[in-house]
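Topology and contacts: notes
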Amino acid sequence: MALDLSMPILVVDDYQTMVRIIRNLLKQLGFEEVDDASDGTAALARMKGRKYGLVISDWNMEPMTGYELLRHVRADENLRTTPFIMVTAESKTENVIAAKKAGVNNYIVKPFNAATLKSKIEAVCGS
């Protein structure tokens, strides 16, 4: 199965520049439907109103972190199957393990490029 370039993607990051970078990378890869949220609380509200094919979330945010968002998503009957990629500047082993235990589908360490993003998305959503 090839990547569905029409699937809606939610980018969650409290740093607008990072949202813009990820949005541009996704556009380069051919994705058209990209929404964004500035933290986990806003992301949950958006996810309740629209079904996303993928969530790409930063780890460190206030007031709700990406990790807390992931836990809420996995605990929600309607959202739990949503593919989830965590983005972080820290590659701490304990964070990776915690995210895996909480049900993250994949993990990207900043900085990254379009090729890295594409391979992570394919691993989660593609063939």
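Calculation rules
- Residues numbered from 1 in each chain as written.
- Predicted model: local features only at pLDDT ≥ 70, side-chain atom pairs only at ≥ 80, totals over all residues.
- Heavy atoms only, no water.
- Buried < 20%, exposed > 50% of the residue type's maximum accessible area, 1.4 Å probe, protein only.
- Helix = DSSP H or I, 4+ residues; strand = E, 2+ residues; numbered from the N terminus.
- Arc of directions from axis to C-beta.
- Polar contact = N/O pair within 3.5 Å; in protein donor to acceptor, adjacent residues only side chain to side chain.
- Axes fitted to C-alpha atoms, helices over the stretch in contact; angles between N-to-C directions.
- Parallel < 35°, antiparallel > 145°, perpendicular 65-115°, else oblique.
- Left-handed = near helix turned anticlockwise from the far one by under 90°.
- Contact = heavy atoms within 4.5 Å.

Those residues of helix H2 (residues 40-49) that sit buried are Gly-40, Ala-43, Leu-44 and Met-47. Seen along its axis, H2 keeps its buried residues to an arc of 100 degrees; they face one direction. Exposed and oriented more than 90 degrees from the buried face of H2 are Ala-45 and Gly-49. Sitting at the head of H2, Asp-39 places a side-chain oxygen 2.7 Å from the backbone nitrogen of Thr-41.

What follows concerns the packing of helix H3 (residues 66-75) against helix H4 (residues 93-102). Remark: H3 packs on H4, axes separated minimally by 9 Å, with the N-to-C direction vectors making an angle of 15 degrees. Between H3 and H4, the crossing angle belongs to the class labelled roughly parallel. Note that H3 runs across H4; the crossing there is left-handed. Listed contacts from H4 to Tyr-67, Leu-70, Arg-71 and Arg-74 of H3 are Ala-98, Ala-99 and Ala-102.

Along the chain, the position of Leu-69 falls in helix H3. Each C-alpha atom of the pair Leu-69 and Glu-90 lies 18 Å from the other, and the pair is 21 residues apart in sequence. When neighbours within four sequence positions are excluded, Leu-69 is seen to be in contact with Val-12, Gly-40, Ala-43, Leu-44, Ser-57, Met-64 and Phe-84.

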